[in-house]
Amino acid sequence: MSQPINPNSSLSVAILSGKGGVGKTNLALNLSYALFRASHRVLLMDFDVGLANVDVLLGLSPEKNLQDLFRSEVTADEVMLPVEAGGFDFLPAASGVPELLEMDDDMREILFQKLNSVLGAYDYLMLDLGAGISQTVLSVAAMSHIRVLVVTPEPTSLTDSYAVIKVLHTQYGISDFHILVNQVDSPADTQATFNRLATACQHFLGFDPILLGGVRTDPALPDAVRRQVPLMRHAPRSPAAQDILGVAVKLHRVRQNRLEALQNMPVLGNIPEFDK
Amino acid sequence: MTPDLAPHEAPQEAMLAELDALRRILATAQKPDAPANDDGLVVMRLYPELGLDEWEALCRRQDLRDWLALPLSANPLPFLTRIQATLRELTFLSEHDPLTKLDNREAFERVLTAELSRSARIGQSLALVIFEIDDFNLINADHKPSCSDHALESVAALLLAEKRTFDHAARLGGEKFALLLPSVGLVRSQLLVERILAAARSLSISCDCGNAPIHVTLSAGLACTKGKMATTREKLFALADDSLRRAKEEGKDRFVAAPIADLTGPPEKTLVRADEKRFLFTGLTKG
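A brief report on the enclosed structure follows. (Residues numbered from 1 in each chain as written. Chains lettered and ligands numbered in written order. Predicted model: local features only at pLDDT ≥ 70, side-chain atom pairs only at ≥ 80, totals over all residues. Heavy atoms only, no water.)

**Side note on the overall build of chain B**
Summing up its helical and strand segments, chain B has ten helices and five strands in all. Sequence-distant contacts, at least 24 apart, represent 67% of the contacts inside chain B between residues at least 6 apart. Within the structure as shown, chain B displays about 17200 Å² of accessible surface, and the carbon and sulfur contribution to it stands at 57%. (Helix = DSSP H or I, 4+ residues; strand = E, 2+ residues; numbered from the N terminus. Contact = heavy atoms within 4.5 Å. Areas by Shrake-Rupley, 256 points an atom, 1.4 Å probe, with all protein chains shown as cover.)

Right, dumping it as structure tokens:
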């Protein structure tokens, strides 16, 4: 029996949205926190390269970031910061570095070679990807085990996330997407938004996305942002925090169902090829 | 055949006639269908009074570049050097226009093929411009041939002066010229073409007929690829040629740019179409 590639069955989760300002970073942070509180080891990676913000939400001022990994003497351990002792770490990205938005294969290769040495220690690798459909966003989304698309009931959010789905589907042949509806008023709101997107995927692209859940609009969230602490710690009983907990449980089930298969998959897949 | 021969050159007449006769015989002589590679003969004839200088003069006048001459006793080096120079000259002539010294059409097409494949490989722009001197037939009709040559040389010099070191300039034939601009898109190549057209208007070309200096204008056709969609040399040429034709139809002394083929092609399959958007907004598949 050969050695498994991913003995710990680490699950990589790309969190993306197409449209900006839909609460993607906050969801990535709080989902990570919720998973950590449930005794999982989590690495939250800010991959919103160019316009990174997770550090601000956490009230951290990291000295090094993703960009430093391109320097040969810098290791992944030096760049990572603990958010909570005991298994919740954070890997910051650089703000204001547009070159990182269009990382080429060589840059991604350098980055992932260094990261692969540390990724296996975590149960979850949460990748907060930037808005838009830059090549970096697309290829990291394609390299991850699962993709969580954050949408809101706004029509523009629906079209933007549909565009992301369509590009990933036609260029990389990806057909599994988990949908997370943010800023909803009710479960009915979640379902209506999901149905609209799901029917479009079914009708035009020929596959069904999976509903991961909905997260309600909650005044506790902006409060937590101002205080620079995760909502899950600031107001764990708030409606949004409860919803996020539910989503974390579902994410955990996804991993549980794939534990065996994950052992034979690298945490981040090979740099995908796509036909141009 | 042998105009204006000085009296002292008359004895060489006999030799030229002999060479000419030999040429004709060889051209019509029956040759084996598939000659072996090592088949071949050197045909020799001794000319005791002929020196290197006279021979060179004959070569120039009579187009005898494919005939070799070697001295029997004197130092062969000047003769071999002369042969070497001829080879160099022939190589140059095979790739350049003899009048303007720009690339000729064949050389230009080779470069264009290479640049097109490079552009497609690295996804970089490439611009092709074809220029034509307006109403060149009038210059030909009103002036001596040497004046027309001056005009062609002046335009060639202008292209050489305006192009960057790694651009390619060529005379395609007649009064047609071309520029190939690697890594340049439509906007920047238009600026360059405008500058060249303006510079051509202010050219003052000396006239050997004793008349006032000749003035010219240029028409130009521009075609550009962004390197995103594979195209061929023929297609790019056809686009530039068509634009040139339109520039002339629209009144000459101007340029027309072809639409960028990469941007007018079929939509990407990743495109979110109007019906998909409508559905996402309204839930209806029919407008």
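**Looking at the side chain of Asp97 of chain B**
Relative to the elements of secondary structure, Asp97 of chain B occurs in the loop between helix H3 (77-95) and helix H4 (105-122). Side chain to side chain, Asp97 of chain B and Arg171 of chain B meet in a polar contact 3.1 Å long. (Polar contact = N/O pair within 3.5 Å; in protein donor to acceptor, adjacent residues only side chain to side chain.)

**A look at unusual backbone geometry**
Residue and element names in this part refer to chain B. Residues other than glycine seldom take positive phi values, yet Lys101 does so here, at roughly 65°. Among the secondary structure elements, Lys101 is positioned in the loop between H3 and H4. Overall, Lys101 belongs to the partly exposed group, its relative accessible area being 49%. Despite not being glycine, Asp135 has its phi angle at roughly 50°, a positive value. Tracing the chain through its elements places Asp135 in the loop between strand S1 (126-133) and helix H5 (136-142). (Buried < 20%, exposed > 50% of the residue type's maximum accessible area, 1.4 Å probe, protein only.)

**Things to note about the interface of chain A and chain B**
Taken residue by residue, the interface counts 18 residues in chain A and 14 residues in chain B. Taken together, the two surfaces of chain A and chain B that pack against each other cover about 1400 Å², and 69% of this comes from carbon and sulfur. Contact with chain B buries surface across chain A, with Lys166, Arg196 and Phe204 of chain A losing the most and accounting together for 42% of the total. Connecting chain A to chain B are one salt bridge. The residue Glu276 of chain B makes a salt bridge to Lys166 of chain A at a minimum N-O spacing of 2.9 Å. Taken together, the links from chain A to chain B amount to five residue pairs in polar contact (both at pLDDT 80 or more). Going through the elements one at a time, helix H6 (155-172) and helix H7 (187-205) of chain A are the ones with two or more residues in the side of chain A that touches chain B. Sort the elements by how many residues they give to the side of chain A that touches chain B and H6 of chain A lands first, with ten residues. Here the residues of the side of chain A that touches chain B sort into nine nonpolar, six polar and three charged. (Buried area = accessible area lost by both parts, 1.4 Å probe. Salt bridge = Lys/Arg side-chain N within 4 Å of Asp/Glu carboxyl O. Nonpolar A, V, L, I, M, F, W, Y, C, P; charged D, E, K, R; others polar.)

**Focus: the packing of H6 of chain A against helix H10 (residues 274-282) of chain B**
Axis separation between H6 of chain A and H10 of chain B bottoms out at 9 Å; the angle between their running directions is 135°. Here H6 of chain A lies oblique to H10 of chain B, going by the angle between them. Where H6 of chain A crosses over H10 of chain B, the two elements pack in a sense that is right-handed. On the side of H6 of chain A, the interface is formed by Pro155, Thr156, Leu158, Thr159, Tyr162 and Lys166 of chain A, while H10 of chain B contributes Glu276, Lys277, Leu280 and Phe281 of chain B. Tallied by class, residues from the contact of H6 of chain A with H10 of chain B come to five nonpolar, two polar and three charged. (Axes fitted to C-alpha atoms, helices over the stretch in contact; angles between N-to-C directions. Parallel < 35°, antiparallel > 145°, perpendicular 65-115°, else oblique. Left-handed = near helix turned anticlockwise from the far one by under 90°.)

**Some words on the packing of aromatic side chains**
For the structure on display, the rule yields seven aromatic pairs over all chains. Judged by centre distance (6.0 Å) and plane angle (80°), the ring pair of Phe204 of chain A and Phe279 of chain B falls under edge-to-face. With Phe204 of chain A in helix H7 and Phe279 of chain B in helix H10, the pair connects residues from two separate chains. Here the aromatic cluster, defined as three or more aromatic residues joined through ring pairs, consists of Tyr33, Phe36 and Phe88 of chain A. Over the face of the ring belonging to Tyr124 of chain A we find Arg255 of chain A, whose NZ or CZ atom lies 5.3 Å from the ring centre. (Phe/Tyr/Trp six-rings, centres within 6.5 Å; stacked < 30°, edge-to-face > 60°. Lys NZ or Arg CZ within 6 Å of the ring centre and 35° of its normal.)

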